[in-house]
Amino acid sequence: MAVEEQRAGSRVSRPEIRLVRRGFTDPAKAVRLLDGPGLEGLADDPVLLDALGATADPDLALLGLARLLEAADEADRHTLRDTLTTSKPLRDRLLGVLGVSTALGDHLARHPHDWHALVTFELRDMHPGPADFRRALAEGVARGRDHGPENALRVAYRRCLLAIAARDLTGTTDLAQTAAELADLAGATLQTALDLAAEQDPEAVAACRLAVIGMGKCGGRELNYVSDVDVIFVAEPREGVDEQTAIRAATRLAAALTRLCSDTTGEGTIWPVDANLRPEGRNGPLVRTLASHLAYYQRWAKTWEFQALLKARPVAGDAELGAAYVEALAPMVWQAAARENFVTDVQQMRRRVIDSIPATELDRQLKLGPGGLRDVEFSVQLLQLVHGRTDPALRSGNTLEALAALSRGGYVGRADAVSLDTAYRFLRSLEHRIQLHRLRRTHLMPTAEEDLRRLARSLSGLINDDTRSDPVAALQREWKRHAVEVRRLHEKLFYRPLLDAVAELPPGAAGLTPEAARARLEALGYTDPAAALRHISALASGVSRKAAIQRTLLPVLLGWFAESADPDAGLLNFRLVSDALGRTPWYLRLLRDESAAAEQLARVLSAGRLAPDLLLRAPEAVAMLGDPRGPVPRGRAALQSEILAAVGRAGSTAAAVAAARSVRRRELFRTAAADVLGRLGEDPAEALDVAGEALTALNAATLQGALRACIAGWEAEHGDLPTRIAVIAMGRFGGHELGYGSDADVLFVHEPLLGSLEQEAARAAQAVCNELRTLLAAPSTEPPLLVDADLRPEGRSGPLVRTLASYAAYYRRWSHAWESQALLRAEPVAGDEDLGARFRRLIDPLRYPGAGVPERDLVEIRRIKARIEAERLPRGADPTTHTKIGRGGLADVEWTVQLLQLQHGHELPELRTTRTRAALAAAAGAGLVEQADAEVLEAAWVLASRVRSAVMLVRGRPGDSFPGEARELAGVARYLGYGAGHSGELVDDYRRTTRRARAVVDRLFYGS
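The structure displayed is predicted, hence computed values, not measured ones. In every chain, residue numbers begin from 1 and rise along the written sequence. pLDDT decides what is reported in this predicted model: residues at 70 or higher carry local features, side-chain atom pairs at 80 or more are listed and counted, and totals for whole chains, interfaces and linings draw on all residues regardless. Heavy atoms from the whole structure form the basis of all side-chain values; hydrogens and water molecules are not counted.

Enquirer: Help me understand the pattern of salt bridges in this model?
Expert: Two side chains that carry opposite charge are able to pair once their charged atoms sit near each other. Definition used for salt bridges: Asp or Glu carboxyl oxygen within 4 Å of a side-chain nitrogen of Lys or Arg. One pass over the structure, following the stated rule, counts 62 salt bridges. One salt bridge in this structure joins Lys-88 and Asp-92, with 2.5 Å as the shortest N-O distance. On the criterion of helical spacing, the pair formed by Lys-88 and Asp-92 is a turn pair, its members being 4 residues apart in helix α7 (residues 88-98). Judged by its relative accessible area of 25%, Asp-92 is partly exposed. Residues joined by salt bridges that share partners form a network here, namely Arg-634, Glu-642, Arg-666, Glu-667 and Arg-670. Every helix listed is a DSSP run of H or I at least four residues long, and every strand listed is a run of E at least two residues long, numbered separately from the N terminus. Partly exposed residues are those whose accessible area sits between 20% and 50% of the maximum for their type, while under 20% is buried and over 50% is exposed, using a 1.4 Å probe and protein chains only.

Written out as structure tokens, the structure reads:
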């Protein structure tokens, strides 16, 4: 017994079992319908039952057929029954439509005679064109005028749609022909609506010529079953009519046409006519003259508007004027890729589309989601705009025709073009079936089991898997397979042919010419395409294993580089790393097998100069990108242990310090790479803290190692060191707020050992500290660590190293207010821990004075700050964008916070911290600063600090102002989370943030 019969048991009659076998899910209802009016005697017709069972949804098909027969008059019912049993083509067409589309079933129930359209269109022309549709619509409107031309037009439109769907669902036409027929029907409908509008307003017809330009899928002859029909209206005055009169007349006609198609009547609506692609969108006039259109596109149009014009095609109205419009604008369309911001504009368009998708719909989007229809259309259009300048064969508004032309011309690999064509046809067919069900505009995969089952059965010919056992699972697998393939091809489509352009192709094989390859690279953001081609050739040419792996990797890597602010640098850096490591087995294996590592490498190499420069000094550091967690900064203890071990193994002082610097260079790369890849934290302030802590720990460990090496070197030559030395971090170093370009501000303190002569101890300490500074800054392949001791008593004029007692005497007699302020950030970081702790106890009364800040010191601090602002801003620097001493910058915030610490640190222990943000939070918590003011100051300080870090990461050298070079500024903006083309927004945001901070500083610091 069959499975269906076992499930049914004795409760199901034998006729119901036969229906279950044929795919009916509600056999009891089916039996009732077969015994009902109109279907008498057909219940035992195996031919009809088999035909119903072959439809996408037998229950839906039977219900639609029963409704149709019940609604038909007696004569027509008899004719239909006879035709159903004797004509297989008609039976398949009618039942095929009824088994997919509830909406068309409803139409036939309202207009039962329209089933004859399935015969007449088939006999008239296998592939009807615009003239056929216009004739059918005109006849329908003429027959139905008694019910109003709007209703008659809708009925006639549905009748034509019924015929198109029938041929589509029975395989008489393929996707391309179906989409073309839908576009032709749309054009015929627009023309019929325009004719009706002209009948109602003959004065307008006498005043103007009006052309309707189809845009989007209508213009490309690839329309959906249900879609907005995008149009542009262009008009010209007739002889003797002034332009304003003609435009008013044309606007009346265009508005009437729109209402006739878009308004809802008793017969529903046809589709919305959307004219928002016109110049200035919905804010612009509905109709313009050809000269007005040209003036707009020559002066004001954006890149996306030229991309939209790629599909422009006259579809209704004055054919001569429509042709003139397309001919006049075509040269501008095919020069769009030469526009200054073409790449940025194109990238922004794609990101806007993705960002507009609600999160709940992302996994169901056939059109806009990853691997969806828009990925195919976007890729094809971009390649057309790039190469269509020089190759007229690519200038088609139809996606599949353009894809075939790109393949023939060698712009897209043949295998890739076939895969993309297949995936696009499947996804469009799936979209069509979804829309046909209720004739609703949607691009979302349904979730209901019965909907998915109907879709799977209707598309069984396009699904590789067997759909009989589990059609829903088979459909889901096929959809995901095509989506993944589209996404893969979308990412490599622009880059794979570039490899062929530098390779020796087999005889007869098509490939990009060098000129076309350079044009493509330039359009994708590479500013030196000739050099880029040389790099690609060097990486991918040859028969070695290395070249073979690079040919596999490069299409994806080139895409990642192109997404950055400096693709050229990314590609060059990748070549340099590969040249250094190309024969290293683990490197190629890492990139081949670890896609995450390859992507991380690409992003690091194209994000600026600092990280690549550090990597290129020792490329084996690439290995850390293979860690599943990515590069993560290490703690102070681990760093110090490694550095001290390396120092201990070295044979000389110079070699020991070099070893410490080598570890520092590698760890600098680790931190910079983690920062670029966003691994330091999701919150910008948190990421800034983590970076500052990592850089502080690294410099402290390096100083500890270098100090030990220099002491060991001195002792190897002179015997035991007669003093103890401690290194005190100052400034941003002491505040754990170091940036990538920060010097290490320090104080050196020593204390002679018991029994040692003070002068001998001072000379020894001076020698050790001088050598430490010299070796850490010496020219080398390793980045220098500049140790700055200018904050010591008496500055550069004073001794480099002092005893603890000397510091105490100086601070007791000579200390200035600014020195107490500088000591707020003092923190021991290396050397003798006990000496460092005693130095901290020495300075605490100075930096947290019990009586607060005397008025004379307050005046002095404010005077010094004002003098710094007036005298130390570099010549030509913009005070609104200088991150250090500009308006609302780092100095403004830090001096304000430090003044609060000097005034209240003695009484509030929570203010006794070297960290700016922590001190500011403590001040707000204690009520010394309004919470809103604290947030303003913190926002400015964090942004200014991040800008400084970004400048160093991008330029490879420190800077306190935004870069002047556009590409560097774009890199800074990308680091800070701004998309391509939004560098100006970053600068505006910075100025706004720091302006607000300066207002707070004026109140809190200057007392204004």
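Enquirer: I keep staring at helix α20 (residues 373-387) and nothing clicks. Help me out?
Expert: Since the α-helix packs 3.6 residues into each turn, any two residues three or four apart lie on the same face. Expected helix span is given by 1.5 Å per residue-to-residue step, counting one fewer step than there are residues. Look at α20: 21 Å from first C-alpha to last across 15 residues, which is about the 21 Å you get at 1.5 Å a residue. With 14 of its 15 residues buried, α20 lies for the most part within the structure.

Enquirer: Before we go on, may I ask you to explain the packing of aromatic side chains in this structure?
Expert: Each aromatic ring pair is described using two quantities: the centre-to-centre distance and the angle formed by the ring planes. Note on aromatic contacts: the rings of Phe and Tyr and the six-membered ring of Trp form a pair at centre separations within 6.5 Å, being stacked when their planes are under 30 degrees apart, edge-to-face when over 60 apart, and tilted otherwise. This structure, assessed with the given rule, holds 11 aromatic pairs. A centroid spacing of 6.0 Å and a plane angle of 90° characterise the contact between Tyr-157 and Trp-271, whose relative ring orientation is edge-to-face. Residue Tyr-157 is found in helix α11 (residues 149-169), and its partner Trp-271 is found in the loop between α15 (243-262) and β3 (273-274); the two are separated by 114 residues along the sequence. Tyr-157 gets classed as buried once you look at its relative accessible area, which sits at 3%. For the ring pair Phe-962 and Tyr-990, a centre distance of 5.2 Å and an interplane angle of 80° mean the geometry is edge-to-face. Taken together, the residues Phe-962 in the loop between α44 (931-955) and α45 (966-975) and Tyr-990 in helix α46 (residues 983-1004) connect sequence positions 28 residues apart. Considered together, Phe-962 and Tyr-990 belong to a single accessibility category, that of buried residues. Any Lys NZ or Arg CZ that is within 6 Å of a ring centre and within 35 degrees of that ring's normal is treated as a charge sitting over the ring. Just above the ring of Tyr-848 sits the side chain of Arg-912; from NZ or CZ to the centre is 6.0 Å.

Enquirer: Help me understand the environment of Ala-473, please; the structure alone is not making it clear to me.
Expert: Note that Ala-473 resides in helix α24 (residues 471-492). When the C-alpha positions of Ala-473 and Ser-379 are compared, they lie 29 Å apart, and in sequence the two are 94 residues distant.

Enquirer: Teacher, can you tell me more about the packing of helix α12 (residues 175-200) against helix α22 (residues 414-438) here?
Expert: The relative placement of two packed helices is expressed as an angle between their axes plus a distance between the axes. Interaxial distance between α12 and α22 falls to 10 Å at its minimum, and their mutual angle equals 50°. Relative to α22, α12 is oriented oblique. In the crossing of α12 with α22, the sense of the turn from one axis to the other is left-handed. Residue-level contacts link Leu-175, Ala-176, Thr-178, Ala-179 and Leu-182 of α12 to Tyr-424, Arg-425, Arg-428, Ser-429 and His-432 of α22. Residue composition of the contact of α12 with α22, by class: 5 nonpolar, 3 polar and 2 charged. The convention used is that axes are lines fitted to C-alpha atoms, helices contributing only their stretch in contact, and that angles between N-to-C directions extend from 0 to 180 degrees. Note on angle classes: values under 35 degrees are labelled roughly parallel, values over 145 roughly antiparallel, values of 65 to 115 roughly perpendicular, and the remainder oblique. Note: crossing handedness is left-handed where the near helix turns anticlockwise from the far helix by less than a right angle, and right-handed where it turns clockwise. Only heavy atoms enter the contact rule, under which two residues are in contact if any of them lie within 4.5 Å. Only Asp, Glu, Lys and Arg are considered charged in this grouping, and only Ala, Val, Leu, Ile, Met, Phe, Trp, Tyr, Cys and Pro are considered nonpolar; every other residue, Gly among them, is considered polar.

Limitation: the analysis is restricted to geometry and does not speak to function.
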